[in-house]
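For reference, the chains in residue letters:
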Amino acid sequence: MKEYEEKKYPLEDDIGEIALRWIAPPENPELEIVNCAKVSYANQAEQMGEREAKLLRFLDEAGHVSPSYHPHISFRVKCPIFVAREYFRHEVGMSKNEISQRYLELGKKFPLQFYVPEKFRAQSKHNKQASNGAIQEQEAAKNAYVYLLQQAAQTYEYMIKLGTSRELARMALPLSTYTEFISTGSFAAFKHFIDLRMHPDAQQEIGKYAIAIYDMLLPHFPISLEKFKDRREQMEKIYAGS
């Protein structure tokens, strides 16, 4: 199977990354969607053309999802735990396997790293679960946060040194600790992920991973993902101004 290993760094901190591992079928996976729909009439297309593109748009507009479950995609994702928890809410059509902090002592085979946002956003006054703009006391917030991370890392390492089990020592680590997992699923599942997470209502960090997924899949599924082009541009403007 063709492996791509194309990488993007959604959080722009040179730590968080997402890599496209493989797509099945590797050649023209969008044609697979077409032929899985055409089987209803015992038909098959040999290549993509205008009729096939028209069929893909019809399937999308009519909500015929089942043909899109046939192509599969696999990513390797490295992200903060709080982003992974948002990602893991997407269960239908996806499988994930994550590194285990019970098996691994962080700082050895897998590094102990934390996400530090470039800017600390303010709580939205109109949405209880969202942020909006930036707080004024950026330096104070960053200093307090970085101090917490230093204390958390030192506490974790000290507990390990005392002989504490890995499964309990990890309790000292915050949700901003980086984790890594493999995520494999159907195109339909990732398209749904893009629709929900590349959205103004989604948290910015998971939204940036959704943009990365969209960008890596677009060359392989240009017709099926064309409707998200304006949304992607909208999100870029929102993130640039936040």
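Our subject in this report is the structure included herewith. (Residues numbered from 1 in each chain as written. Predicted model: local features only at pLDDT ≥ 70, side-chain atom pairs only at ≥ 80, totals over all residues. Heavy atoms only, no water.)

### Focus: the overall build of the protein
Put simply, the rule is: Comment: elements are numbered from the N terminus, with helices defined as DSSP H or I runs of at least four residues and strands as E runs of at least two. Here the term buried applies to any residue with accessible area under 20% of the maximum for its type, exposed to any over 50%, and partly exposed to those in between, with areas from a 1.4 Å probe on protein chains only. Note on contacts: a residue pair is in contact if any heavy atoms of the two residues lie within 4.5 Å. Values of accessible area rely on a 1.4 Å probe in the Shrake-Rupley scheme; residue burial ignores everything except the protein chains shown. The sign given to each residue is positive for Lys and Arg and negative for Asp and Glu; His and the chain ends receive no count. Here the site of a charge means atom NZ of a Lys, CZ of an Arg, CG of an Asp or CD of a Glu.
Each helix and strand in the protein was counted, giving eight helices and seven strands. C-alpha atoms of the protein, sized along the principal axes, occupy 65 × 40 × 25 Å. Taking all 242 residues of the protein together, 43% fall into the buried category. Taking all contacts inside the protein whose residues are at least 6 apart in sequence as the whole, residues at least 24 apart take part in 68%. Accessible area of the protein: about 13900 Å², with a carbon and sulfur share of 48%. Taken as two groups, the 32 positive and 33 negative side-chain charges of the protein have centres that lie 4 Å from each other.

### Let's talk about the packing of helix 1 (residues 29-38) against helix 2 (residues 50-62)
For any two helices packed against each other, the geometry comes down to the angle between their axes and how far apart the axes lie. Put simply, the test is: Here the axes come from fitting lines to C-alpha atoms, over the contacting stretch only for helices, and the angles between their N-to-C directions go from 0 to 180 degrees. Working definition: roughly parallel below 35 degrees, roughly antiparallel above 145 degrees, roughly perpendicular at 65 to 115 degrees, and oblique for all remaining angles. We call Asp, Glu, Lys and Arg charged. Ala, Val, Leu, Ile, Met, Phe, Trp, Tyr, Cys and Pro are nonpolar, and the rest, Gly among them, are polar.
Closest axis-to-axis distance for the helix 1/helix 2 pair is 10 Å, and the angle between their directions is 75°. Comparing the axis directions of helix 1 and helix 2 gives the class roughly perpendicular. Of helix 2, the residues touching helix 1 (which contributes Glu30, Ile33, Val34, Ala37 and Lys38) are Glu52, Leu55, Leu56 and Leu59. For the contact of helix 1 with helix 2, the class distribution of residues is six nonpolar, no polar and three charged.

### A word on a nonpolar patch on the surface
The line we're drawing: Patches in this entry comprise residues that are over 30% relatively accessible and not in a salt bridge; like charges within 9 Å are linked, as are nonpolar side chains (Val, Leu, Ile, Met, Phe, Trp, Tyr) within 5 Å. Just to be clear on terms, a salt bridge is a Lys or Arg side-chain nitrogen sitting within 4 Å of an Asp or Glu carboxyl oxygen.
Nonpolar side chains collect at one region of the surface, where Val65, Tyr69 and Val92 lie side by side and expose about 280 Å² of accessible area between them. Topologically, Tyr69 is positioned in the loop between helix 2 and strand 3 (72-80).

### Overview of helix 4 (residues 138-161)
As a reminder of what qualifies: Here, expected helix span is obtained from the residue count minus one, scaled by 1.5 Å.
Relative to the 34 Å expected for 24 residues at 1.5 Å per residue, helix 4 spans 35 Å between its end C-alpha atoms, a close match to the ideal helical length. Among all positions of helix 4, only Ala141, Tyr145, Leu149, Ala152, Ala153, Tyr156 and Ile160 are buried. Elements that come into contact with the buried residues of helix 4 comprise helix 5 (166-169). Of the residues trailing helix 4, Gly163 is marked for its positive phi of about 95°.

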